[in-house]
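Per-entry structural report
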Amino acid sequence: MINIKGKFEPDDLEATQDLALYPGQNATWVIVATGILLISPIVWLIIFPQSNLMLFPIIYVILLMISFYLLARFVWNPLLRKPNVQNSNKSVGEFEMNFDEATFNSADIHNTTHIPWKDFVKWKMDNKFLLLYRTDNMFYRIPLRYFKNESEVEFVIDQLRRNNVKQIILVKNATKNIFRVITLVYLVLAIGVMIYVNLK
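First things first, this report covers the structure right here in the doc.

Analysis parameters
- Residues numbered from 1 in each chain as written.
- Predicted model: local features only at pLDDT ≥ 70, side-chain atom pairs only at ≥ 80, totals over all residues.
- Heavy atoms only, no water.
- Helix = DSSP H or I, 4+ residues; strand = E, 2+ residues; numbered from the N terminus.
- Contact = heavy atoms within 4.5 Å.
- Expected span 1.5 Å × (residues − 1).
- Buried < 20%, exposed > 50% of the residue type's maximum accessible area, 1.4 Å probe, protein only.
- Arc of directions from axis to C-beta.

**Let's talk about the environment of Ile-142**
- On the secondary structure map, Ile-142 appears in strand β8 (residues 138–143).
- Separated by 45 residues in sequence, Ile-142 and Met-97 have C-alpha atoms that sit 8.5 Å apart.
- Those residues within four positions of Ile-142 in sequence are excluded, and the remaining contacts are Ile-4, Met-97, Phe-99, Phe-104, Lys-128, Phe-129, Leu-130, Leu-132 and Phe-147.

Quick look at the structure:
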């Protein structure tokens, strides 16, 4: 069993919320997919210029609606949704956590928790925190700085993997800040194409 004791600092809540809102790789694939959906009709017209332009606006509106749904479901909603930290109701305070092969155990001044690994739905980690999710939006935060060594962190991760808890892979840092820009470009492209087709 691994035991850690520590204290949540004032900056920890913001750091964990930033990690919770950080997009996973699924968001990258959704952006690529919506880009293909919106660009494919234009490519089709370039390859087959004699196509029936009367159907083009209808097809494009359908693809636009599908793209909006995908972006709202997998990109915008996770970014706008407020994370729910379950360790305690406050951003600071002392805590103690135990990790064994069966359960995750946490205790602070507010409550005591015992959760089997299989009851977690997913997990996410950066170089400072490990987040254990009970639902899509409710998680426990674990500061990595209180582990004695890397092998203790690997023990926890191994329990999650043995119980088939889904890992959320983070996107590269370089792509995080351009998600909204890419989305805006898609929207401008869609509106521009529709105006162009209607004016022909």
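**As for helix α4 (residues 150–162)**
- For α4, spanning 13 residues, the distance from its first C-alpha to its last is 18 Å, which sits close to the expected 18 Å at 1.5 Å a residue.
- Every buried residue of α4 is accounted for by Glu-152, Val-153, Val-156, Ile-157, Gln-159 and Leu-160. Angularly, the buried residues of α4 cover 150 degrees about the axis, an arc narrow enough to put them on a single face. Facing away from the buried side of α4, by more than 90 degrees, are the exposed residues Glu-150 and Arg-162.
- Against β1 (2–8), β3 (93–99), β6 (122–125) and β7 (129–133) lie the buried residues of α4.

**Section: unusual backbone geometry**
- Phi at Asn-164 takes a positive value of approximately 60 degrees, unusual for a residue other than glycine.
- Within the fold, Asn-164 resides in the loop between α4 and β9 (166–167).
- Given a relative accessible area of 71%, Asn-164 falls into the exposed group.

Limitation: the analysis is restricted to geometry and does not speak to function.
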